[in-house]
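The primary structure of each chain is shown beneath.
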Amino acid sequence: MGCWVMAGVTFREASRKKLLWTALLAGIGFLALFGIALHFQMQDLDRRAIAPFLRYQVLSAMLLIALYVVDLLAVVMTILTSVDTIPGEIASGTIHAIATKPMPRWQILIGKWLGFAVMIAGFVALTFGGTVVVAYGMCGVTPAHALRGGLLVFLECLLALTVTMMFGTWFSTLASGVIAIGLHGLAFMGGWLEQMSGFTSSARLIDLGIVTSLIMPSESIWRRAAFDMQTPLAGALPFSPFANVSIPSGTMIGYAAFYLLVALAVALYHFHERDL
Amino acid sequence: MFGFLGPNGAGKSTSIKMLLGLVKPTGGQATLLGSPAGEVGVRRRVGFLPEHFRFYDWLTPAELLRLHGRLAGMSPARLKDRVPALLDLVGLTPHRDKRVHDFSKGMMQRIGLAQALVHDPEVVFLDEPTSGLDPLGRRLVRDVIRAQRERGATVFLNSHLLSEVEITCDHVAFLKDGEVVGSENLESFAPAEIRVAARVRNLAPEILATLARQGISASLEGEQLSLTAHSSEELPDLLRQLMAAGADVYSFVPARASLEDLFVRIMGEDRGL
């Protein structure tokens, strides 16, 4: 019961503070920009009379780049919007009147988590789904396994949300944000290290990338999504954000889901045990 | 009505937080309404106004009370009548359409008080409920506290304002360095002495010596006469003596500083409030 009330209030807070509408506008702005860019690209391709096969590859690559931006945007939005929810309320004392109500503390945290999860799902549906729809509507290009890709992006955001909230049960808003973004940056770097290994076939770079993915598996989820969504030709390129150099396996996605559950369990345990 | 008194840092707010499960005790145990303190079930029967009341200030007061009512386990149907009644009780009905972030500190305190009472708790913990309130607001809080007593609730009042506690509470406990060092039943508490501040003119100086012989200390500075009587029973006779001595009495105000005296005696003179 308390879970749903807290989820509702979290959602309403985002709406009342115009966070929801700002994100909505940002998403629509992004889609408009993508549509304009796609339009210009198609005009240029038409002018140069590019072969249909190559034209499809170029437009597919452009779509995948747009989805990559969606992924980054969604993860950053997730961290920024959720970072203050626990430490901010602890620091201000807002939590005192809430945590003394007759509900276990885990319901407060899970309720907030659910509220943000729903908002993030909406944001991913709008930006990811919107990008796919715009691309299909304008030039008939669709990513392979679009639904799977969208769900993986959502999983990555949930992972970022859970890790951010977990650190929020320990640290201040600022510290939690720095740690969450820092960890995602580490994962981002790890992903690129693996992609760079395509130049030299360096097993050591791949190993380094795998280790960073184990520390924070967010970027590996994107790389798996990109692998599932790209055209075979794009994947064959040796150096790109979507190169098939070191594809995260299903086990790695399982590990990411396990990581999320452990982070959630740790957050619940620490929030339950700490003084408020 | 229970008053919990002590200097800054004595542990008053921490004690309340432990009873409500916000802070875990490092040792010992406490029970509240017969159950271990902080248990979820017992919190259903308890209301709490924190010292620094903060809440989702983007809500209106009615939305805030509905939210707290829902978290306290109340149904929307029950809250439909309860919320307007509470807003009326704390004098916020004219401000019901404002957002809480537009509220003054006093209004915040009132809405905080209302959320503590939304589910008619058996025990209400109020941590400095009158801080930041103007005299009318303080009176309103006193009336609300009295109303809780009338409906049979226990009020646990944590306050620095000894005069408020003296007016409101039946029992008090004194906390020093985390330990209860004294308690008093204020209903049976007999003050050791009563000070009277009077403004008089044309007072014959001999009356001061006469009063001194009766054991009543008196001093006169200009028109300000300070007297210390043994009990309130002596006051009518004291006033009659002054008037019989030819004094024109413009004011005669007994000041019962007894709880403050007791506080200072228990805590020591050098500990600030």
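For every chain, the first residue of its written sequence is number 1, and the numbers climb from 1 along that sequence. Chain A is the first chain written and ligand 1 is the first ligand written, with later ones labelled in order. Selection of residues for local features in this predicted model requires a pLDDT of at least 70, selection of side-chain atom pairs for listing and counting requires 80 or more, and totals for whole chains, interfaces and linings are taken over all residues. Hydrogen atoms and water are omitted, and side-chain values are computed over all heavy atoms in the structure.

Draft legend 1. A look at the overall build of chain B. Working definition: helices are DSSP H or I runs of at least four residues, strands are E runs of at least two. Numbering for both runs from the N terminus. Along its length, chain B carries ten helices and twelve strands. Seen along its three principal axes, the alpha-carbon backbone of chain B occupies a region of about 70 × 45 × 30 Å. Per-residue accessibility, obtained with a 1.4 Å probe over protein chains only, is compared with the maximum for each type, and a residue is labelled buried under 20%, exposed over 50%, and partly exposed between these values. A burial count over chain B gives 46% of its 273 residues as buried. The criterion used for residue contact is that any of the two residues' heavy atoms lie within 4.5 Å. The contacts in chain B between residues at least 6 apart in sequence include a share of 67% that link residues at least 24 apart. Surface summary for chain B: the accessible area is close to 13,200 Å², and the carbon and sulfur share equals 50%. For the area figures, the Shrake-Rupley method with a 1.4 Å probe applies, and any residue is considered shielded solely by the protein chains shown.

Draft legend 2. Geometry of the interface of chain B and chain A. Taken together, the contact pairs 26 residues of chain B with 29 residues of chain A. The term buried area refers to how much accessible surface (probe radius 1.4 Å) is lost by two components on association, counted for both of them together. Interface of chain B and chain A: buried area, both sides summed, is about 2,600 Å²; carbon and sulfur atoms make up 63% of it. Considering only the surface of chain B that becomes buried against chain A, B:Leu22, B:Trp58 and B:Leu71 emerge as the three largest contributors, covering 29% of it. Salt bridge, as applied in this entry: a Lys or Arg side-chain nitrogen positioned within 4 Å of an Asp or Glu carboxyl oxygen. Counting every contact that joins chain B to chain A gives two salt bridges. The partner of A:Arg12 in a salt bridge is B:Glu63, with the nearest N and O atoms 4.0 Å apart. Polar contacts, as used here, are pairs of N or O atoms within 3.5 Å; protein pairs need one atom able to donate a hydrogen and one able to accept it. Residues neighboring in sequence count only if both atoms are side-chain atoms. On the surface where chain B and chain A come into contact, there are 14 residue pairs in polar contact (both at pLDDT 80 or more). Listing elements by their share of the side of chain B that touches chain A, those giving two or more residues are helix H2 (40-43) and helix H3 (61-71) of chain B. In this classification, the charged set is Asp, Glu, Lys and Arg, the nonpolar set is Ala, Val, Leu, Ile, Met, Phe, Trp, Tyr, Cys and Pro, and all remaining amino acids, among them Gly, are polar. Each residue belonging to the side of chain B that touches chain A can be placed in one class, and the counts come to 14 nonpolar, four polar and eight charged.

Draft legend 3. Inspection of the sheet that holds strand S12 (residues 248-255) of chain B at higher detail. All names here are of chain B. For two strands to be treated as a pair, DSSP must find no fewer than two bridges joining them. The strand order across the open sheet built from four strands is S10-S11-S9-S12, with neighbouring strands paired in antiparallel fashion. Every interior strand has two partners, whereas the edge strands, strand S10 (217-221) and S12, have only one. Across the sheet, the mean angle from the axis of one strand to that of its neighbour is 15°, orientation sign disregarded. Interaxial angles span 0 to 180 degrees and are taken between N-to-C directions of axes, which are lines fitted to C-alpha atoms, for helices over the stretch in contact. Here helix H9 (residues 235-244) sits on the sheet and contacts strand S9 (194-201), strand S11 (224-229) and S12; the angle it forms with S12, its principal contact strand, is near 160°.

Draft legend 4. Inspection of the domain arrangement of chain B at higher detail. Each domain's limits were defined by an automated method or a database of domain assignments. Each assigned domain of chain B is listed with its residue range as follows: domain 1 (2-185) and domain 2 (194-256). The C-alpha centroid of domain 2 of chain B is placed 42 Å from the C-alpha centroid of domain 1 of chain B.

Draft legend 5. Summary view of the packing of H3(B) against helix H4 (residues 76-89) of chain B. All names here are of chain B. Closest axis-to-axis distance for the H3/H4 pair is 10 Å, and the angle between their directions is 135°. The orientation of H3 relative to H4 falls into the category oblique. Of the two elements, H3 crosses H4, and the hand of that crossing is right-handed. Two secondary-structure elements touch here, H3 through Pro61, Ala62, Leu65, Arg66, Gly69 and Arg70 and H4 through Pro76, Leu79, Val83, Leu86 and Leu87. Counted by class, the contact of H3 with H4 contains eight nonpolar, one polar and two charged residues. Every angle not falling under 35 degrees, over 145, or within 65 to 115 is termed oblique; those three ranges are roughly parallel, roughly antiparallel and roughly perpendicular. Here a crossing is taken to be left-handed if its near helix is turned anticlockwise relative to the far helix by less than a right angle, and right-handed if that turn runs clockwise.

Draft legend 6. Focus on the packing of helix H7 (residues 146-168) of chain A against helix H12 (residues 250-273) of chain A. All names here are of chain A. Their axes nearest at 9 Å, the elements H7 and H12 cross at an angle of 30°. Regarding the angle of H7 to H12, the classification is roughly parallel. Both H7 and H12 take part in a crossing whose hand is left-handed. Contacts between H7 and H12 involve Leu152, Leu155, Leu158, Leu159, Thr162, Val163 and Met166 from the former and Ile253, Ala256, Tyr259, Leu260, Ala263, Leu264, Val266 and Ala267 from the latter. Looking at side-chain class alone, the contact of H7 with H12 contains 14 nonpolar, one polar and no charged residues.

Draft legend 7. Region of the structure containing the layout of surface pockets. Roughly 540 Å³ of internal volume is contained in the largest pocket. Both cavities and pockets are sets of points on a 1 Å grid over the protein atoms alone; in a cavity a 1.4 Å probe fits but cannot get out, in a pocket the set is open with protein on both sides within 12 Å along at least five of seven lines, and lining residues sit with an atom within 4 Å of a point. In this structure, the largest pocket is lined by 31 residues; those nearest its centre are B:Met18, B:Gly21, B:Val23, B:Pro25 and B:Ala37. Of all the elements in the fold, those that place two or more residues in the lining of the largest pocket are strand S1 (2-5), helix H1 (12-19) and H2 of chain B. The element that contributes the greatest number of residues to the lining of the largest pocket is H1(B), accounting for four residues. For the lining of the largest pocket, a count of residues per class yields 17 nonpolar, ten polar and four charged. Grid points are joined across faces, edges and corners, and a volume is the space filled by probe spheres set on the points. Put simply, the second largest pocket is a space of about 440 Å³. Taken together, 22 residues line the second largest pocket, and the ones lying closest to its centre are A:Glu13, A:Lys17, A:Asp84, A:Glu89 and B:Trp58.

Draft legend 8. Examining the pattern of salt bridges more closely. Evaluation of the coordinates by the stated rule reveals 14 salt bridges over all chains. Where A:Arg55 meets A:Asp46, a salt bridge forms, and the shortest distance between an N and an O atom there is 2.6 Å. Here B:Glu223 and B:Arg199 are joined by a salt bridge, their closest N and O atoms 2.8 Å apart. Residue B:Glu223 is located in the loop between S10 and S11, and its partner B:Arg199 is located in strand S9; the two are separated by 24 residues in the primary sequence. On the basis of relative accessible area, B:Glu223 is assigned to the partly exposed category, the value being 28%. Residues participating in the shared-partner salt-bridge network are A:Arg12, A:Arg16 and B:Glu63.

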